[in-house]
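# Structural description and commentary
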Amino acid sequence: MLSFSRLAPLGSRFFEVHSSSGVKCSILDVHNVTVAADQVARWILNNGTLLVITMEKISKQVNDNKVTVIFYGDELDKPVDKIVFQLTAIFISLDVDADRDGNVEKNNPNKGSWKWGPNGHGAILLVNCDKEIGSAGSDRYDDTVPVFEDLGDMSHMILRTEGPDSLPPGYKLQLYISASDKDKVQVFRHDLSKMINVLGRKKLSTVMDYTKGNNEYHFFVEGIMFPDEKIRSLVTFNLSLLEPMIQGHAPIFTEHVIFRLAPWIMLPNTLAPQEVFVCSVSNNAKFLKEFSALVEKAECKLTVCPEEMNSRDRWIQDEIEFGYIQAPHKSFPVVLDSPRNSGLMMFPYKKLLGPDFGHVTRQSNFVNSLDSFGNLEVSPPVTVNGKEYPMGRIIIGSAFPTTSDGRNMAKVVRDFLYAQKVQSPIELFSDWLLVGHVDEFMTFVPAPDRKGFRLLLVSPDDCCKLFKKLQKEGHGETQMFENLDTKPIKINEILGNQNLLDYNAYVQQCIDWNRDALKKELGLDEQDIIDIPGLFKLHEKLNQAIAFFPDMVNMIILGKYLGIPKPFGPLINGKCPLESAVRSALEPLGLDCNFIDDFASYHLKKGDVHCGSNVCRKPFSFKWWNMEM
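In short, a report on the structure. (Residues numbered from 1 in each chain as written. Predicted model: local features only at pLDDT ≥ 70, side-chain atom pairs only at ≥ 80, totals over all residues. Heavy atoms only, no water.)

On to the overall build of the protein, then. In terms of helices and strands, the protein carries 10 helices and 40 strands. If you line up the protein on its principal axes, its C-alpha atoms span 125 × 50 × 45 Å. If you sum the accessible surface of the protein, you get close to 28,000 Å²; carbon and sulfur atoms cover 49% of it. Seen as two clouds, the 68 positive and the 80 negative side-chain charges of the protein have centres 1 Å apart. (Helix = DSSP H or I, 4+ residues; strand = E, 2+ residues; numbered from the N terminus. Areas by Shrake-Rupley, 256 points an atom, 1.4 Å probe, with all protein chains shown as cover. Lys, Arg positive; Asp, Glu negative; His and termini not counted. Charge placed at Lys NZ, Arg CZ, Asp CG, Glu CD.)

Evaluation of the coordinates by the stated rule reveals 23 aromatic pairs. Ring geometry for W114 and W624: centres 6.1 Å apart, planes at 10°, overall stacked. Of this pair, W114 sits in the loop between β9 (91-95) and β10 (123-125) while W624 sits in the segment after β40 (613-617), and the two are 510 residues apart along the sequence. Across the pair, exposure class does not vary: W114 and W624 are buried alike. Each ring, one from W432 and one from F536, has its centre 5.6 Å from the other, and the planes form 75°; the classification is edge-to-face. Highlighted residues: W432 in the loop between β29 (426-429) and β30 (442-446) and F536 in strand β35 (residues 536-538), separated in sequence by 104 residues. Given a relative accessible area of 1%, F536 falls into the buried group. Ring pairing ties together the aromatic residues W114, W116, W624 and W625, which thus form one cluster. For the cation-ring pair, K106 lies above F91, with the distance from its terminal atom to the ring centre recorded as 4.8 Å. (Phe/Tyr/Trp six-rings, centres within 6.5 Å; stacked < 30°, edge-to-face > 60°. Buried < 20%, exposed > 50% of the residue type's maximum accessible area, 1.4 Å probe, protein only. Lys NZ or Arg CZ within 6 Å of the ring centre and 35° of its normal.)

All right, on to the state of the cysteines then. A complete count under the given rule lists zero disulfides for this structure. For the unlinked cysteine C129, the closest cysteine sulfur is that of C616, found at 13 Å. Given a relative accessible area of 0%, C129 falls into the buried group. Here C576 stays unpaired: no disulfide links it, and the sulfur of C463, its closest cysteine neighbor, is 9.8 Å away. On the basis of relative accessibility, which here comes to 8%, the residue C576 falls in the buried class. (Disulfide = S-S within 2.5 Å.)

Spatially, three strands are ordered β37-β38-β39 in an open sheet, and the strand pairing comes out mixed. Each end of this open sheet is capped by a strand with a single partner; those strands are β37 (556-558) and β39 (592-596). Across this sheet, the average inter-strand angle for adjacent strands is 25°, counted without regard to direction. Pairing of strand β38 (residues 561-565) with β39 involves five bridges; the strand directions are parallel. Residue L562 lies in a different strand from β39, and its bridge partner there is C593. (Pairing = 2+ DSSP bridges. Axes fitted to C-alpha atoms, helices over the stretch in contact; angles between N-to-C directions.)

Moving on to helix α6 (residues 411-419). Each turn of an α-helix holds 3.6 residues, which means side chains three or four residues apart point in the same direction. By the burial criterion, the buried members of α6 are V413, D415, F416, L417 and A419. Contact partners of the buried residues in α6: β23 (330-337), β24 (358-361), β25 (376-378) and β28 (394-398). (Contact = heavy atoms within 4.5 Å.)

Here we take up empty space enclosed by the protein. Tallied over the full model, the rule gives three cavities of 30 Å³ or more. In this structure, the largest cavity occupies an estimated 140 Å³ of space. What lines the largest cavity is a set of 14 residues, among which N269, Q317, E321, H610 and R617 lie closest to the centre. Among the elements that make up the lining of the largest cavity, the one with the highest residue count is β40 (four residues). Across the lining of the largest cavity, the residue classes break down as six nonpolar, five polar and three charged. Taken together, W116, P227, S233, R260, L261, P263, A419, Q420, K421 and V422 make up the lining of the second largest cavity. Grouping the amino acids of the lining of the second largest cavity by side-chain chemistry returns six nonpolar, two polar and two charged. In terms of domain composition, the lining of the second largest cavity takes at least three residues from each of domain 2 (92-261) and domain 3 (265-626). (1 Å grid on protein atoms, 1.4 Å probe; cavity = no way out; pocket = protein on both sides within 12 Å on 5 of 7 lines; lining within 4 Å. Points joined across faces, edges and corners; volume = space filled by probe spheres on them. Nonpolar A, V, L, I, M, F, W, Y, C, P; charged D, E, K, R; others polar. Domains from an automatic or database assignment.)

Time to look at the packing of helix α7 (residues 460-475) against helix α10 (residues 577-586). Interhelical geometry of α7 versus α10 gives an angle of 125° and a closest axis separation of 11 Å. Classed by the angle they form, the pair α7 and α10 counts as oblique. The two elements α7 and α10 meet at a crossing, and its hand is right-handed. Together, C463, L466, F467 and L470 of α7 and P577, L578 and A581 of α10 make up the contact between the two elements. When the residues that make up the contact of α7 with α10 are grouped by side-chain class, the tally is seven nonpolar, no polar and no charged. (Parallel < 35°, antiparallel > 145°, perpendicular 65-115°, else oblique. Left-handed = near helix turned anticlockwise from the far one by under 90°.)

Throughout the structure, instances matching the rule amount to 37 salt bridges. Salt-bridge contacts for K182 lead to D183; the nearest nitrogen and oxygen are separated by 3.4 Å. Taking relative accessible area as the criterion, D183 reaches 38% and is therefore assigned partly exposed. With a closest N to O distance of 2.9 Å, R454 and D449 form a salt bridge. (Salt bridge = Lys/Arg side-chain N within 4 Å of Asp/Glu carboxyl O.)

The structure is reproduced here in structure tokens:
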């Protein structure tokens, strides 16, 4: 676009424009309104008149097109002056997979923006957090490409140019990012047989000589940080064509493309299990035998972490949480490593981190029990007041909202979970528990009807009602915990302990508060909830709740197969009424209830089956970028 007020010589009142056949000229006024297009004979020169030149074909040679502007004064047969513009049309495009089909298309009009939804657009960037063979650690800490297989974890970006075989010397192409994006990404350029690190960390810009017209420069982009409180999800790459000047260069063309860092996505119980993890420790051989039989029944792979690796730490649920990351071209599992750093702290590095299995962690200087990942769950997909959560909602336990001195999950972990966006977190009240984990009072199981699942909540009220019914039927002298290495207790003794009953009335209030919160935040009805009998007792020194008998809600879900802590309730006619109550509630849903003895090896150590196991599951079929945000 050229301004005639700057071009026209003194005394000019009229002008003519002539151009080559491949050039289109338009005359605009000061308000950018088209006055004339194509070839015109002669026009009045007004202050603010603009000439817009566009070329419809790429040049085959330098200066193979031209535009001539002839100026006239009052004498229309005598030109005052003329200006000839020699033109060379070249095509430059920085391209990404903006339509999310796994291929880098040419000059997509939406490549410079990002939009959610099934009709959205914008490129996606994986955090390269796995570890290729030969790498010292996670690939995102490496400034090189150790093996070419690592390129599969990166997003392809192509700089395409078309035009004459050569331009006058000195033209350059500059690819650059802002200082705020330098710690989020690294960019490698494919140069002959090697990969060159050209952007990221301390490198904000890379410059290449523009030597020929038809060319493709191939770049591979990796994310090196997940979205977080201070890490924005969007990353912008800018491209400029630089023209040599008397001193230095000046940009004569600039464009940009945008990527979004892919979020870490957590997997709910309702997704299909792929691999099950458990620890082998000194006193859990019986548990392992029963647990292994369940995993075999569910036809899953079982990985047992040996004691030399777990350092006698059996709580594998608390150490890690399995999830995944996904882009149109690639998806792989990523384990979120908790800041608890107990005996299992090296397990995710030594056993899990590897090719196409990533790792991310958040560390805190002040760690409490609520930072363990028994306190981290996620719901199945839900719709709440018309708002869809196709990947569910993350659930974490916290102190009661009005309490200022309670325990909460570490801020760095909570910030990370909130920043992923796609599984908007819910915070429940779990600080009333000694261990303080949400998996002590709730879980989700698959169901064939309604919303596709049921929420299970532990219920002291249901347990007391069941015991009172048994007492009324004449079974009050029947004992719990028979044949165990602990003191048996009669139903009459339980119902006669008013302090225990009063405390469980308080526990029920805590659970009911969470029940109301879950119904509101997940859009649930009472028909979506199943109460599971359970009792709690007060820890005398710490004044918080622990399970009175193995907590049946603290189960592992492997498709339709459930691994439930065996409650060791009173036996009546050879059957445990606690087990029978759970079977009656869950088996009509097509679920297979398997009760596992974890009493000595887990329950007495203040945990149960779920606390001592973990599951890596099949990812969602739904693509996260198709969410409506």
